[in-house]
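Letter by letter, the chains look like this.
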Amino acid sequence: MRKDFCINCRKDTEYVFQRKKIAMDIKDKSYQFLITTAICEECGAEMSLTGLMDKNVQEIDEQYREQENIVSVTDIAKLLKLYKLGKAPLSLALGFGEVTITRYLAGQVPSKEYSDIIKSALTSPAYMKKQLSANKEKISDTAYQKAVQAADALIELLSVSDKMQRVLSYIFESLKEVTPLMLQKLLYFTQGIYSALYGKPMFPEHCEAWIHGPVFPKVYNLFRDFKYNPIDDVRFILFSGTADELINEEKKVIDLVLNSFGLYSAKVLEKITHNETPWKEARKGYEEHIPSKEPLSYERMKVYYESVNKKYNINSAAGLKKYISYMLNKE
């Protein structure tokens, strides 16, 4: 129950939050904003709550930036993490004054020109590398090297397809912890099941039959440094929200996989793939601990999961769970 003092009722009353449209003139231009108000449940008057004015200022600032296509404070803060730079070095690397980023993080609104520079650095690591090179003499060599390495890592991340980026983003947003080994299995099951249900691959990356199961090499290279640890990768703040671009059928299949296979550890998932025909056929002729890069073709995965679908109806989590139970009990 929310209660606070209503100056009309002269007592503490319950209140509800409502959105209100207001008009404002900024630099001789008219704007409309939606702000949060607190309405007394007894008399219907607006109430003045501690912190509500600050919230309204923040709402207006965010909506003004959106209407004018100006970079947000949140996005500016992302740059610091992405390129492992402090406020002053980042300012100088972008060609700004030394305290510019500090001012922007405190709430000062950037000019459209500076906003566009920041947005370009956020969306294009190649652009950021050019900025770093152009302003190399203004920052320390240590800061420069760290930022260049971070830019190169981002360029590597962008080397996977747009669809794969969205799928990865969706998985990371849905699960709290994902190790590289678990991720590979989830991607494999997603590709196989989607292929069986819709007759085409979800993403274009090719798969190989490695010792520990199916692997998409490009994705493996992105996260190899995490080894057996959960992936905690700041680079993915670049793709926040991009999972929304997946179509409903794609989201449905990923959810099916996460709500069935995603309940098990990476080693259990490895056991399942080791019992499946596609991986076993691709590994024929290889001893257990001998590495291989034999292709595990999309067509082979599709045919296999079509047969699984006929038997278990993998268009549902219940069907997938029956299939998983069978594979785990298979000798």
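A. How the structure looks around the packing of aromatic side chains. Tallied over the full model, the rule gives 15 aromatic pairs. A centroid spacing of 5.9 Å and a plane angle of 10° characterise the contact between tyrosine 31 and phenylalanine 33, whose relative ring orientation is stacked. For the pair formed by tyrosine 31 and phenylalanine 33, the shared burial category is buried. Joined through ring pairs, the aromatic side chains of Tyr188, Phe189, Phe261, Tyr304, Tyr305, Tyr312, Tyr323 and Tyr326 make up one cluster. One Lys or Arg, lysine 311, reaches over the ring of tyrosine 326 and ends 5.1 Å from the middle of that ring.

B. Geometry of the sheet that holds strand S2 (residues 11-26). Strand order in the open sheet formed by four strands is S1-S2-S3-S4, and the pairing between neighbours is antiparallel. In the strand order of this sheet, the two ends are held by strand S1 (3-6) and strand S4 (46-47), each with one partner. Of the strand pairs in this sheet, S2 and strand S3 (residues 29-40) are connected by 12 bridges, and their pairing is antiparallel. When the sheet's bridge partners are listed, methionine 24 is paired in S3 with tyrosine 31. Of the strands in this sheet, S2, S3 and S4 are in contact with helix H1 (residues 52-68), which crosses S3 at around 150°.

C. Main features of the nonpolar core. Membership of the largest hydrophobic core comes to 54 residues, with the highest contact counts inside it found for Ile171, Leu187, Phe261 and Tyr305. Going through the elements one at a time, helix H8 (162-174), helix H9 (180-198), helix H10 (217-223), helix H11 (248-258), helix H12 (266-274), helix H13 (277-282), helix H14 (298-312) and helix H15 (317-328) are the ones with two or more residues in this core. Per element, the largest residue contribution to this core is 10 residues, and it comes from H9. Look past the residues within four positions of leucine 187 in its chain and what remains in contact with it is Met164, Val167, Leu168, Ile171, Phe203, Phe216 and Val219. By size, the runner-up hydrophobic cluster in this structure holds 28 residues, among which are Leu82, Leu90, Met128 and Leu154.

D. Seen up close, the sheet that holds strand S7 (residues 294-295). Spatially, three strands are ordered S6-S5-S7 in an open sheet, and the strand pairing comes out antiparallel. In the strand order of this sheet, the two ends are held by strand S6 (213-215) and S7, each with one partner.

E. Fine view of H9. End to end, H9 covers 27 Å across 19 residues, agreeing with the expected 27 Å (1.5 Å per residue, within 8%). Burial analysis of H9 places 17 of its 19 residues in the buried class, the great majority of the element.

F. Layout of the environment of glycine 107. Its location among the elements puts glycine 107 in the loop between helix H4 (100-105) and helix H5 (112-123). Spatially, the C-alpha atoms of glycine 107 and serine 72 are 9.2 Å apart, while their sequence positions differ by 35 residues. Sequence-distant contacts of glycine 107, defined by excluding residues within four places in its chain, comprise Asp61 and Arg65.

G. Just the environment of glutamine 108, in detail. Among the secondary structure elements, glutamine 108 is positioned in the loop between H4 and H5. By relative accessible area, glutamine 108 is classed as partly exposed at 41%. Glutamine 108 sits 16 residues away from serine 124 along the chain, and the two C-alpha atoms are 24 Å apart. When neighbours within four sequence positions are excluded, glutamine 108 is seen to be in contact with Arg65 and Arg103.

H. Looking closely at the pairing of S3. If you look at the hairpin formed by S2 and S3, you'll find two residues sitting between the two strands, and lysine 27 has a positive phi there, around 50°. In this structure, the hairpin formed by S3 and S4 is closed by a connection of five residues, where glycine 44 is found at a positive phi of approximately 80°.

Reading the values: the criteria
Residues numbered from 1 in each chain as written. Predicted model: local features only at pLDDT ≥ 70, side-chain atom pairs only at ≥ 80, totals over all residues. Heavy atoms only, no water. Phe/Tyr/Trp six-rings, centres within 6.5 Å; stacked < 30°, edge-to-face > 60°. Buried < 20%, exposed > 50% of the residue type's maximum accessible area, 1.4 Å probe, protein only. Lys NZ or Arg CZ within 6 Å of the ring centre and 35° of its normal. Pairing = 2+ DSSP bridges. Helix = DSSP H or I, 4+ residues; strand = E, 2+ residues; numbered from the N terminus. Contact = heavy atoms within 4.5 Å. Axes fitted to C-alpha atoms, helices over the stretch in contact; angles between N-to-C directions. Core = buried A, V, L, I, M, F, W, Y, C linked by side-chain atoms within 4.5 Å. Expected span 1.5 Å × (residues − 1).

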